[in-house]
Amino acid sequence: GFWLAFAIALQMPPTLGLALYLVGAGFYGEFGDFVDPELDVWRPREDSRVAVFLQIFLVIVGVLVLNLLIAIMNSVYERVRTSAVAEMLHEKALLILAIERLWLPLWVRARGR
């Protein structure tokens, strides 16, 4: 979808070269040095080892950040769950107290007769 939208915006046919151009532009932020979209030719950079290390680094950082997000969400979930149990027990105690205040005097009067 994104690739086709760029093809329409750039008024070019949707080719593999354009897809590689967009991947290169997304990774490196360079819209002219990575792929020539008119020729549909993959043109690697001069120092491809740096590009490979950068891509590996980006994948590792992405996985670590996702793992950190999962850990934070788990911690928040546990805190909310603990708080919810305490809140549920408090509401249960209030409900029992309200029932005892309402029905206990009626029950005592009924038994006393």
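Thresholds, definitions, all that
Residues numbered from 1 in each chain as written. Predicted model: local features only at pLDDT ≥ 70, side-chain atom pairs only at ≥ 80, totals over all residues. Heavy atoms only, no water. Helix = DSSP H or I, 4+ residues; strand = E, 2+ residues; numbered from the N terminus. Buried < 20%, exposed > 50% of the residue type's maximum accessible area, 1.4 Å probe, protein only. Contact = heavy atoms within 4.5 Å. Areas by Shrake-Rupley, 256 points an atom, 1.4 Å probe, with all protein chains shown as cover. Patch = residues over 30% accessible without salt bridge, like charges linked within 9 Å, V, L, I, M, F, W, Y side chains within 5 Å. Salt bridge = Lys/Arg side-chain N within 4 Å of Asp/Glu carboxyl O. Core = buried A, V, L, I, M, F, W, Y, C linked by side-chain atoms within 4.5 Å.

**With respect to the overall build of the protein chain**
The helix and strand inventory of the protein chain stands at three helices and two strands. By the burial criterion, 12% of the 113 residues in the protein chain qualify as buried. Once local pairs closer than 6 in sequence are excluded, the contacts in the protein chain between residues at least 24 apart make up 18%. Total accessible area computed for the protein chain in this model is approximately 9400 Å², and 70% of it derives from carbon and sulfur atoms.

**Focus: a nonpolar patch on the surface**
Taken together, the side chains of Val-52, Phe-53, Ile-56, Ile-60 and Leu-64 define a hydrophobic patch exposed on the protein surface, amounting to about 500 Å² of accessible area. For Leu-64, the position within the fold is in helix H3 (residues 48-112).

**Considering the nonpolar core**
Among the nonpolar cores identified, the biggest contains five residues, and these are Ala-7, Met-12, Leu-18, Tyr-21 and Leu-22. With three residues, helix H2 (residues 16-28) is the largest single contributor of residues to this core.

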